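# Observations on the model geometry
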Amino acid sequence: MQARTHSVLIFGLVTAWIVLCLTVGGVIAVLSLGQRNASFDRAELAKRTTRFMRAAETAIETAVSAAQKIQTDRMEAGRAFAPLSVSYLRYENGISLRGTEPKILIYHTHTQEAYFPTEQNPYRESSKWRTSDSTRSVVAVGERLKEILEKQYGFCVIHDTTNHEPPKLASAYERSEQTMRAYAERYPSLVLFIDLHRDAYGNDPKAPADYVTVNGTECARMMFVVGRGEAYSDKPYYQTNFALASRITEHLNEFASNFTRPIREKKGRYNQHIGAHCLLVEVGHNANTLEQALASMPYLAESIAFAIAETEETVRSWIPTLQEN
């Protein structure tokens, strides 16, 4: 199905390109003929030029229809295709975070993940490297991200702090999926879902490690996880999730070249079948401090805002974007 729909797009664009070339060539030839033959009927020249331009318009409409057909076929036939190009995917799946209704949901599948304790942020462990104190766990990081997205960028954000870990950590994704579905049903305006985690650096790190310094401040490095859903019949939106994670990663690395680790593609699904724009972001690990994780949030917020703004702009000018690739 992917090959067929992609071929439709290529055919449409090639057709448009050929007809445009013929149009330009035809107009030039007709004008040259008119210049060489003073008796040439100028009315006939106008008619021929109009016919050429109408053919070009038809070709462009064919290309647009082909691109729209890709999106329709993709939604009907399945969603876990190999990525084409990031620019193409941004065109196909543009979203907007504008408006007063909720647009972003931040939640935590592994709600009690905690960081390397410090004097400023000590905590009582509920289990190894975990705490039920939401002011010292990834929940605090999610709250900081929410505040920045709302106050600095004007987005309407929901931060869910439900503890999805009990009664068994291994089934936490089943419960966080229920949370996502409940919010999506209550707020159909939601278009971006962010599952914020803390990664594992090692079983027993002895000191903070593996961070970057941005503008004189220590920041936790980040990584996005994109699921392929290989064992599931209901596939995740792999293409759009990968494209969005890629663009955010690119922007983060403009602040510091190693701000992020490479995107990790995995066989699981990670609830990324619920919406076309789902992010699973690992903000640091257990060798990072909470202070370092919090310090990374302004940069993550800006990168999200930048990626979405660029998406909207790409939608408005998709043909030049496709030609560049």
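The text that follows walks through the structure, step by step, so that each part is easy to find. Small disclaimer: the values here were computed from a predicted structure and weren't measured.

About the criteria used
- Residues numbered from 1 in each chain as written.
- Predicted model: local features only at pLDDT ≥ 70, side-chain atom pairs only at ≥ 80, totals over all residues.
- Heavy atoms only, no water.
- Salt bridge = Lys/Arg side-chain N within 4 Å of Asp/Glu carboxyl O.
- Helix = DSSP H or I, 4+ residues; strand = E, 2+ residues; numbered from the N terminus.
- Buried < 20%, exposed > 50% of the residue type's maximum accessible area, 1.4 Å probe, protein only.
- Pairing = 2+ DSSP bridges.
- Axes fitted to C-alpha atoms, helices over the stretch in contact; angles between N-to-C directions.
- Contact = heavy atoms within 4.5 Å.

### Thoughts on the pattern of salt bridges
- Evaluation of the coordinates by the stated rule reveals 7 salt bridges.
- The partner of arginine 130 in a salt bridge is glutamate 165, and the shortest N-O contact between them spans 2.9 Å. Of this pair, arginine 130 sits in the loop between β1 (104-107) and α4 (138-151) while glutamate 165 is found in the loop between β2 (157-159) and α5 (172-186), placing the two residues 35 residues apart along the sequence. Neither arginine 130 nor glutamate 165 differs from the other in exposure class; each is buried.
- For glutamate 250, the salt bridge is made with arginine 247, and the minimal N-O distance between the two is 2.7 Å. On the criterion of helical spacing, the pair formed by glutamate 250 and arginine 247 is a turn pair, its members being 3 residues apart in helix α6 (residues 238-255).
- Assessed through its relative accessible area of 38%, glutamate 250 is described here as partly exposed.
- We classify arginine 247 as buried; its relative accessible area is 8%.

### Some thoughts on unusual backbone geometry
- Along the chain, proline 166 connects to proline 167 via a cis peptide bond; the corresponding omega equals 5°.
- Tracing the backbone through its elements, the reader meets proline 167 in the loop between β2 and α5.
- Even without glycine at this site, tryptophan 129 takes up a positive phi of about 60°.

### Digging into the sheet that holds β1
- Spatial strand order, β2-β1-β3-β8-β6-β7: 6 strands in an open sheet with mixed pairing. Of all strands in the sheet, those bounded by a partner on one side alone are β2 and β7 (264-266). On average, adjacent strands in this sheet sit at an angle of 25° to one another, irrespective of strand direction.
- Direction of pairing for strand β3 (residues 192-199) relative to strand β8 (residues 278-285): parallel, over a ladder of 6 bridges. In the sheet register, aspartate 199 faces β8, and the bridge partner there is histidine 285.
- Lying on the sheet, α6 is in contact with β3, β6 (222-227), β7 and β8; it crosses β6 at an angle near 170°.

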